[in-house]
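Spelled out from the first residue to the last, the chains are:
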Amino acid sequence: MNSLILTHSRCKVNKKLPKNVTSKALPAIIVILCTTVQTGQGTPAAKRENEICLGFGGIPVQRIDEPGTRAMLKAAHEAGINYIDTARAYTVSEEWIGQALEELGLRDEFILATKCRALTKAEMEAELAASLKNLRTDHIDLYQFHNPSPENLDKILAPGGAMEALLEAKAKGVVGHIGITAHLSQTFEKALKVDEIETIMFPYNIVEQQGKELIDRCAEKGKAFIDMKPLAGGAIEDGRLALRYVLSNPAVTVSIPGMAAPEELEQNVAGSANTA
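No experiment lies behind these values; they were computed from the predicted model shown.

1. What to know about the pairing of strand β8 (residues 199–203)
Side-chain direction in a regular strand flips from residue to residue, so the side chains alternate between the two faces of the sheet.
Right, on to step 1. Of all five residues in β8, five are buried; the element is thus mostly enclosed.
Right, on to step 2. Side-chain alternation along β8 places Thr199, Met201 and Pro203 on one buried face and Ile200 and Phe202 on a second face that is also buried.
Right, on to step 3. Both strand β7 (residues 175–181) and β8 contribute to a ladder of three bridges, which runs parallel. By the bridge assignment, Ile180 is partnered in β8 with Ile200.
Right, on to step 4. Where β8 and strand β9 (residues 224–228) come together, five bridges link them in parallel fashion. Note that in β9 the partner of Thr199 across the bridge is Ala224.
Right, on to step 5. Handedness of the β-α-β unit built from β8, helix α8 (residues 212–220) and β9 comes out right-handed.

2. Some points on unusual backbone geometry
Right, on to step 1. Even without being a glycine, Thr91 presents a positive backbone phi close to 40°.
Right, on to step 2. Mapped onto the elements of the fold, Thr91 is located in the loop between β4 (83–85) and α3 (93–104).
Right, on to step 3. A positive phi is found at Ala232, a non-glycine position, where the angle reads about 55°.
Right, on to step 4. Structurally, Ala232 can be placed in the loop between β9 and α9 (239–247).

3. Quick look at the nonpolar core
Right, on to step 1. Among the nonpolar cores identified, the biggest contains 60 residues, and Phe56, Met124, Phe145 and Phe188 are the most heavily contacted of them.
Right, on to step 2. Considering each element in turn, this core owes the most residues, five residues, to helix α6 (residues 162–171).
Right, on to step 3. Not counting residues within four places of it along the chain, the set of residues in contact with Phe56 comprises Val61, Met72, Leu73, Ala76, Ile81, Tyr83, Ile84, Asp85, Pro257 and Met259.

4. Focus on the environment of Glu94
Right, on to step 1. The topology assignment puts Glu94 in helix α3.
Right, on to step 2. Residues Glu94 and Thr114, spaced 20 residues apart in sequence, show a C-alpha to C-alpha distance of 8.1 Å.
Right, on to step 3. Sequence-distant contacts of Glu94, that is, excluding residues within four places in its chain, are made with Thr86, Ala87, Arg88, Thr114, Ala130, Ser131, Asn134 and Leu135.

5. Considering the confidence of the model for the protein
Right, on to step 1. A residue-level look at the protein finds 80% of positions with pLDDT of 70 or above and a mean pLDDT of 83.
Right, on to step 2. pLDDT under 50 marks residues 1–51. Its contacts with residues more than four places away, or in other chains, come to 113 contacts.

6. Quick look at the packing of helix α4 (residues 121–135) against α6
Right, on to step 1. Between α4 and α6, whose axes approach to 6 Å, the crossing angle comes to 50°. Regarding the angle of α4 to α6, the classification is oblique. For α4 against α6, the interelement crossing comes out right-handed. Of the residues in α6, those in contact with Lys121, Met124, Glu125 and Leu128 of α4 are Ala162, Glu164, Ala165, Leu166, Glu168 and Ala169.
Right, on to step 2. Partitioned by chemical class, the residues of the contact of α4 with α6 number six nonpolar, no polar and four charged.

About the criteria used
Residues numbered from 1 in each chain as written. Predicted model: local features only at pLDDT ≥ 70, side-chain atom pairs only at ≥ 80, totals over all residues. Heavy atoms only, no water. Buried < 20%, exposed > 50% of the residue type's maximum accessible area, 1.4 Å probe, protein only. Helix = DSSP H or I, 4+ residues; strand = E, 2+ residues; numbered from the N terminus. Pairing = 2+ DSSP bridges. Right-handed = clockwise from strand over helix to strand, strands pointing away. Core = buried A, V, L, I, M, F, W, Y, C linked by side-chain atoms within 4.5 Å. Contact = heavy atoms within 4.5 Å. pLDDT = per-residue confidence, 0-100. Axes fitted to C-alpha atoms, helices over the stretch in contact; angles between N-to-C directions. Parallel < 35°, antiparallel > 145°, perpendicular 65-115°, else oblique. Left-handed = near helix turned anticlockwise from the far one by under 90°. Nonpolar A, V, L, I, M, F, W, Y, C, P; charged D, E, K, R; others polar.

So, in structure tokens, the structure goes:
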């Protein structure tokens, strides 16, 4: 079984790592996506001791412009972040991220994760093609089903469903890993039982604790947990405190706060730097 893990740069992996990992020592917030072949035992999806995993949430890209997106990704790269989350539904986010990475020459330095709401195989094939075009790449490291209801997850997994398209794309190397995002605990719980789903994204922060037990079960199932809304959608003003809380939980593999301004990036980096 293949298990997706996000781990610290000192970890030995069998996937080609981004250049900035192998060429120099980086800050502790570096995030690496790697695969490890499981034979009944091995590295769990949860973080190891002292790992601090911070990613770049791409929703706020919609509020800035193309030069601003390029500047934010350049700063994120310099800070040691190499995980980007975006989505087909985030209007210009995929396009501007793809353009910025191409102009900066940094595509191979970042792990790209995106998602869509396709339910059928045909829909997913079309959405995946659009993501590849927008992101200006020939492969996407993590492709996710975007917030399906429990009933729609059944459609995704049924014959002719969207899962078939992603499995075929994964076999061709176009997609590295398959995940899901959810806002309902019922969807989260159902996804835990699907072997093909390697990552689960769900809200988790100081005030939203409804998924705590399910988050703990991700590591047991060999799945990575991606935390959305670590600042509760902006309701928590102290980003340092919010991220310190989230990232101190060993069951959280990576957290993806949205960032639209340099000061937000600085605050998030500072918050991730001390999770003791």
